Structures are given as structure tokens and as C-alpha cells.
Amino acid sequence: MELKEDINIQNVAMSIFDRKMEMDEPIEPKDHMPDGYRKHLIRQMSQHAHSEVIGMQPEGNWITRAPSLRAKQILLAKIQDECGHGLYLYSATETLGISRAEMIAQLHSGKAKYSNIFNYPALNWADVGAIGWLVDGAAIVNQVSLQRTSYGPYSRAMVRICKEESFHQRQGYEIMTKMMRGTKEQREMAQDAMNRWWWPSLMMFGPHDSDSPHTGDAFKWKIKRQSNDELRAKFIDKTVQQAEVIGLTVPDKELRWNEEKKHYDHGPINWAEFYKVIAGFGPCNNQRMEHHKKIHAEGAWVREAAEAHRAKHQRQ
Ligand code: BYC
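Definitions and limits used
- Residues numbered from 1 in each chain as written.
- Predicted model: local features only at pLDDT ≥ 70, side-chain atom pairs only at ≥ 80, totals over all residues.
- Helix = DSSP H or I, 4+ residues; strand = E, 2+ residues; numbered from the N terminus.
- Rg over C-alpha atoms; globule rule 2.2 N^0.38 Å.
- Buried ≥ 20, exposed ≤ 12 C-beta atoms within 10 Å, placed from the backbone.
- Near = placed C-beta within 6 Å.
- Nonpolar A, V, L, I, M, F, W, Y, C, P; charged D, E, K, R; others polar.
- Core = buried A, V, L, I, M, F, W, Y, C linked by C-beta atoms within 7 Å.
- Contact = placed C-beta atoms within 7 Å.
- Domains from an automatic or database assignment.
- Axes fitted to C-alpha atoms, helices over the stretch in contact; angles between N-to-C directions.
- Parallel < 35°, antiparallel > 145°, perpendicular 65-115°, else oblique.

Some thoughts on the overall build of the protein
- Each helix and strand counted, the protein has 13 helices and two strands in total.
- Expected size for 316 residues packed as a compact globule is a radius of gyration near 20 Å; at 21 Å, the protein falls within 12% of this value.
- Along the longest, intermediate and shortest principal axes, the C-alpha atoms of the protein span 80 × 55 × 35 Å.
- Residues classed as buried in the protein amount to 33% of the 316 residues present.

Here's the deal with unusual backbone geometry
- If you check the backbone angles, Asp24 has positive phi at about 60° while not being a glycine.
- On the secondary structure map, Asp24 appears in the loop between helix 1 (2-22) and helix 2 (35-54).
- Residue class for Asp24 comes out exposed when judged on the 9 C-beta atoms lying within 10 Å of it.
- Phi angles above zero are rare outside glycine, and Lys262 is one such case at about 60°.

Section: the site of the ligand
- Around the ligand there are 28 residues in total, and Gly55, Ala139, Gly206, Ser212 and His214 lie nearest to it.
- Of all the secondary-structure elements, those providing two or more residues to the shell around the ligand are helix 2, helix 6 (125-146) and helix 9 (215-220).
- By residue number, the principal contributor to the shell around the ligand is helix 2, which donates six residues.
- Partitioning the shell around the ligand into residue classes produces ten nonpolar, 13 polar and five charged.

Some thoughts on the nonpolar core
- Core analysis: the largest hydrophobic core is formed by 62 residues, its most contacted members being Ala130, Leu134, Ala138, Tyr154, Met176, Ala190 and Trp197.
- Elements with a contribution of two residues or more to this core: helix 2, helix 4 (69-94), helix 5 (100-109), helix 6, helix 7 (152-180), helix 8 (184-203) and helix 10 (228-246).
- Tallying contributions element by element places helix 6 first for this core, with twelve residues.
- Those residues within four positions of Ala190 in sequence are excluded, and the remaining contacts are Ala126, Gly129, Met176, Met179, Met180 and Leu248.

Section: the domain arrangement of the protein
- Examined at the domain level, the protein breaks down into domain 1 (1-32) and domain 2 (33-315).
- For domain 1 versus domain 2, the separation of C-alpha centres amounts to 34 Å.
- Facing eight residues of domain 1, the contacting portion of domain 2 comprises nine residues.
- The residue makeup of the side of domain 1 that touches domain 2, split by class, is five nonpolar, one polar and two charged.

Here we look at the environment of Ile63
- Its place among the elements puts Ile63 in the loop between helix 3 (56-60) and helix 4.
- Each C-alpha atom of the pair Ile63 and Cys83 lies 15 Å from the other, and the pair is 20 residues apart in sequence.
- Sequence-distant contacts of Ile63, defined by excluding residues within four places in its chain, comprise Lys72, Leu75 and Leu76.

Quick notes on the packing of helix 7 against helix 8
- At a closest axis distance of 7 Å, the pairing of helix 7 and helix 8 adopts a crossing angle of 140°. Our classification of the angle between helix 7 and helix 8 gives oblique. Contacts between helix 7 and helix 8 involve Met176, Met179 and Met180 from the former and Gln186, Arg187, Met189 and Ala190 from the latter.
- Of the residues contributing to the contact of helix 7 with helix 8, the split by class is five nonpolar, one polar and one charged.

A word on the environment of His50
- By secondary structure assignment, the location of His50 is in helix 2.
- Once the C-alpha coordinates of His50 and Lys276 are considered, the two residues, 226 residues apart in sequence, prove to be 19 Å apart.
- Excluding anything up to four places from it in sequence, His50 contacts Leu107, Ala112 and Tyr114.

A look at the environment of Pro26
- Relative to the elements of secondary structure, Pro26 occurs in the loop between helix 1 and helix 2.
- We classify Pro26 as partly exposed; it has 16 C-beta atoms within 10 Å.
- Separated by 196 residues in sequence, Pro26 and Lys222 have C-alpha atoms that sit 9.9 Å apart.
- Excluding residues that lie within four positions of it along the chain, Pro26 makes contacts with Ser150, Tyr151, Gly152 and Ser155.

The structure is reproduced here in C-alpha cells:
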């Protein structure tokens, strides 16, 4: 009898989930949700949070070497924003029943990934421009789409993050514009940064739809609203025009406007490089992880102090 009632309660809960999906209503933390949905979100959202935090490293290297006080203030504010994005996303992911400590442990063990893009080095100031313009530019295209994702806390985090991210994209474009209006050497530096960051930025959208194992479930559960290839095409269309305006050349000889599809066709992406980088063998994977582990260990006393403070107030 009890078993029958349990099954009935489960069926009702499932039908609420299905009805919410159908009506495009957000799924909230206390709603019943299929295990697969929860796992899918934990994987994607924790990967997203880790990317924001690891993403502070390549730019952080340039804070002390920014070319002016204004540039330094802007870069500091941007990096601080990325940290905040990581924190919203960790909190949003915790609503799914995983702790931040577990997520960090998964990052350190290699079980959880972070974006391929942060395994490339930022070699000079033009790279800071290219990261803001191309990397944040690619991230916004993806995140604008995720504002309509089905999980409430993720979707709300995206709304706030997108507002800040569009400022980041503009600061990167401003750096590139200034360099393109500068000396011959500065123009060459900007073009060189564009050449190195263009292809890894296209990889940020993930494998082609035909090779993307998670896209099927992501569409079924309305986690993704647009596919990897659709978002990549959107990014290329808007970025090619921006490059032309400031005189940068997109490093792709096969790039052509396709009048029929109303999108640019692009040359082949080096997927072997992508899979190598996300498997841990990119130019900076070790450096990024070692730095994160070191700083995390050094911060243990802060976490212990915060926990002691919480326990003291709870007793009171
Ligand atoms: N990098 O089936 P697929 C920022 C993996 S940070 C690494 O298409 P999905 C910023 C994927 O995980 C913003 N791995 O997956 C911060 C899967 O492997 P697993 C970062 C990738 O999830 C600081 C396998 O490939 N944005 O803005 O349907 C400074 C098959 O892929 C990548 C986000 O995180 C990649 N690029 O689609 C500046 C957006 N792509 O997990 C800027 C949120 C794929 O089975 N995430 N893989 O081992 C998403 O929208 C989706 O997860 C993706 C991939 C579109 C990235």
C-alpha cells in the first residue's frame, strides 16, 4: 500500500516537471526533477563556474603591467566581475544538491572540466584585448541564449552575468581599436593576438552538433535553446564585421559570406587540438591547475575561520 502511494507521489511530481517543461515555466530547486536533468545541470553549471574562476588567471598576469592607470582599473574591475560570476554559479549549482567543496574536488581531480580557452597563454597586452573582445564576446553569445535555460537559478544568474559581460567585451574591443590606431608594431601585435585567439574562441562553443553527445538531452530539457553550431555562427557573423571596422584580418582563408544561409562559411576547426586541450594537454593546463590548487590550499584558513564564525553564531 505504502509503495503504491510512493509511486503515485512520484508520478504526480514527474507530471509537474513535464507540465512545467511544456509551459516553459522555470524548474526551481525544490521541484522534483529527473536524475539525468540534475546531473546534466551539475556538469554544465559547475564547468561554467570553474571557467569563470580559472579564467581570471590569464588576465590576472597583466594587472601589474597594464599600460595606464585607467587600463589597470578597468582590468581589475573585469577580473573581479569574473570572480563574482564564479560565485553566483557555484551558489546556483549548490541548489542542485552538490557542495562547493565537492565541485572543487572534481575540478582538482580532473573529473570536472573548464573552458578550453583558458589553457592558452596571454603573452602580451594585445592578448588582454583579444580575450575581452573574442573570449567574452563568444561567452556572451552563449550566455544570452542561456538566459532562457529551463533551470531558474541558472537562468537568473545568466541575466546578471550578461549585463557585466557586455562591458567586458567592449573593453576588449576598445583595447584592440586603440592598438589598430597606433604604431605599425601595435597593429602587428593586435593582428598576432587575433591570429592566436580566433580558432580557440570558435572551439568554445563545443564540438559540431553532429559530434555533441549532450545536445540531445540539453534540447529535450530546454537547457540549451540554441545548438553549438548555431551559436558559433552567430558569433562569427557579428565578430567578422567588428574586425573589418578596425582593420583586423580574420585568420581564415576559407571565410565566405553564404548568401543562401545568411551566415559566413568558415574553414575547418582543428578538433584534434580541442580534444587534446580539454583532456588536459594544452599549453597551460598544468600551470592553471597547479595555481588553483596552491591558492585553494593557502585559503584553507579563511574557510575554517568562516566556518568557526558561523558555528559561533549558531550557538548564540
Ligand atoms: N571547453 O556535448 P557537448 C567566461 C566538452 S567563462 C571544455 O557539446 P555541452 C570568461 C563537454 O563538457 C564562460 N570542454 O557538451 C571567464 C563534453 O565533455 P564532458 C564559459 C568542452 O555541455 C573569465 C564534451 O566536450 N562558458 O566567459 O552540451 C574571463 C562534448 O560537448 C567545451 C560556459 O561554460 C569547451 N569549450 O555543450 C573571460 C557556457 N565544449 O562534460 C571570460 C556554459 C564542450 O561530457 N556551457 N566541451 O566530459 C555550455 O553552454 C555548454 O556546456 C557548452 C558545451 C556549449 C560549452
